[in-house]
Amino acid sequence: MTDAFEKIRNAEEQLLCRSYSRYPIAVASGQGSRLWDVDGKEYTDLLAGIAVTSLGHCNPELNETLARQAGILWQVSNLFYQEPQLELARALLSTTHHAKAFFCNSGAEANEACIKLARRYMRKVKKRDAFEIITLEGCFHGRTLGTLAATGRASLSDGFTPLPEGFRLVPPEDLDAMAAAITPDTAAVLVECVQGEAGVKPLNHDYLRGVEKLCRINDILFMCDEVQCGLCRTGKFWGFQQAGLAPDAISVAKGLANGLPMGAMLATDEMARGFEAGSHATTFGGGALVSAVATRVIEIMKRDNLAGRAAELGAETMARLDEIRLQFPDKIREIRGQGLMIGIELAFEARNLWLKLIQAGFVCSLTHGYTLRLLPALNIDREDLHKFCDALKLMLAEG
Ligand SMILES: *Cc1c(COP(=O)(O)O)cnc(C)c1O
């Protein structure tokens, strides 16, 4: 640990609420898929701010849009009409079957919007007092009280109870359990097609289609949390498109404005009838500055076919990782993922390996102690992924 790092760590101890356990890096700057720490050490970033800077750090095209919009208008609240929010809605809705957007500022808020709209749609449009939201074990939907209840993991809600009622957790990949959980109280099912925080667990497509079908049969809503697996990450624009689904609503955030806080809920025309003027609101949501940047993000993703690139680079990287797994079958338990959302599950507690990778200049995340998670920028150089594979292989060979 260097002096510069120690100084920052000590200052943080004094100044910030202790709510994070940080990686041992103090980041000073970034460019593309490179990060530099306060001592000038360079890293290859395979995490992209947890699937946020999907177009790379300080992307010059986004910087240009940011600077241009910064001189025109930043934010006026949702009391006013403004074009940039509409342009973003048009751009986003051109990628999906949804017809209406609601903008907010984070993934948790996007899920809150989905949950609130689902309940209100049932009460006001369907005239049914259905409120319960069914979610899947292993899911992650956010840290507000409502999304904590949806996430249903005791370790995350320790000390925060009581949580809001009206959520029910079922095991994934079990259609009978899902069918049994649906009651007249059920308003919607909310799923992540690829469970990110669980350590990159793609759900079986037949299972997902089965869940959607159960929702249709029971006349309840089907919703997908696309906060991590959306926006080209899995190799299609949206994760749900991989399984040919048509959710009534999706939540979006993380990569939407490449690092500016932004979230969205996209809903069908029918489901959107659940809101009326005054039903739901947020001061910052869809501000002109973030909207302009997010619109450019969507344009670039489409122009450069970053979904296709994620599919191709992801398949190539997973094939290489699988080769390495076959060379070290006692060390790598499983390679999982879809597109550029990849989990490497080790057969041993992986903290030391993960620290060695950081020392060697590779940043990825360590999830639940055993899984290395890669969520690189979608425009990362192919070479960077191969260099990571080389480094991993070398470290596994060394012991
Ligand atoms: C990160 C994440 C969230 C929460 O997003 P925040 O912006 O941190 O509120 C919700 N769902 C999924 C799938 C996520 O990965």
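Residues numbered from 1 in each chain as written. Predicted model: local features only at pLDDT ≥ 70, side-chain atom pairs only at ≥ 80, totals over all residues. Heavy atoms only, no water.

Following the criterion strictly, the structure yields 1 cavity of 30 Å³ or more and no others. Reported here for the largest cavity is a volume of approximately 50 Å³. Every residue lining the largest cavity is listed: Ala51, Ser54, Glu226, Val227, Gln228, Gly230, Leu231, Arg233, Lys254 and Gly255. Looking at the lining of the largest cavity residue by residue, the classes come out as 3 nonpolar, 4 polar and 3 charged. (1 Å grid on protein atoms, 1.4 Å probe; cavity = no way out; pocket = protein on both sides within 12 Å on 5 of 7 lines; lining within 4 Å. Points joined across faces, edges and corners; volume = space filled by probe spheres on them. Nonpolar A, V, L, I, M, F, W, Y, C, P; charged D, E, K, R; others polar.)

Now for the packing of aromatic side chains. Following the criterion strictly, the structure yields 4 aromatic pairs and no others. Relative to Phe275, the ring of Phe102 lies with its centre 6.3 Å away and its plane at 70°, an arrangement referred to as edge-to-face. Of this pair, Phe102 sits in strand E4 (residues 100-104) while Phe275 sits in the loop between helix H10 (269-272) and helix H11 (288-303); the two residues are 173 residues apart in sequence, bridging distant segments of the chain. In this structure Phe275 comes out as buried when scored by relative accessible area, which is 18%. Ring geometry for Phe362 and Phe388: centres 5.9 Å apart, planes at 70°, overall edge-to-face. (Phe/Tyr/Trp six-rings, centres within 6.5 Å; stacked < 30°, edge-to-face > 60°. Helix = DSSP H or I, 4+ residues; strand = E, 2+ residues; numbered from the N terminus. Buried < 20%, exposed > 50% of the residue type's maximum accessible area, 1.4 Å probe, protein only.)

Now for unusual backbone geometry. Looking along the chain, the bond that leaves Thr161 and enters Pro162 is cis, with omega of 5°. Relative to the helices and strands, Pro162 resides in the loop between helix H7 (154-157) and strand E6 (167-170). Phi angles above zero are rare outside glycine, and Cys58 is one such case at about 50°. Checked against the element boundaries, Cys58 lands in the loop between helix H2 (48-51) and helix H3 (60-70). With relative accessibility at 41%, the residue Cys58 sits in the partly exposed group.

For the pair helix H13 (residues 351-359) and helix H14 (residues 382-398), the least separation of the axes is 11 Å and the interaxial angle reads 130°. Judged by the angle between their axes, H13 and H14 are oblique. Of the two possible hands of crossing, H13 and H14 adopt the one that is right-handed. Residues Leu353, Lys356 and Leu357 of H13 touch H14, and the partners they reach there are Phe388, Ala391, Leu392, Met395, Leu396 and Glu398. Looking at side-chain class alone, the contact of H13 with H14 contains 7 nonpolar, no polar and 2 charged residues. (Axes fitted to C-alpha atoms, helices over the stretch in contact; angles between N-to-C directions. Parallel < 35°, antiparallel > 145°, perpendicular 65-115°, else oblique. Left-handed = near helix turned anticlockwise from the far one by under 90°. Contact = heavy atoms within 4.5 Å.)

What follows concerns the pairing of strand E5 (residues 132-136). Where burial is concerned, most of E5 is hidden: 5 out of the 5 residues are buried. Of the two faces of E5, the one holding Glu132, Ile134 and Leu136 and the one holding Ile133 and Thr135 are both buried throughout. Both E5 and strand E7 (residues 186-191) contribute to a ladder of 3 bridges, which runs parallel. Each residue of the ladder has a partner; that of Ile133, found in E7, is Ala188. Judged from the 4 bridges that link them, E5 and E6 form a sheet pairing that is parallel. Counted as the bridge partner of Ile133 is Phe167 from E6. (Pairing = 2+ DSSP bridges.)

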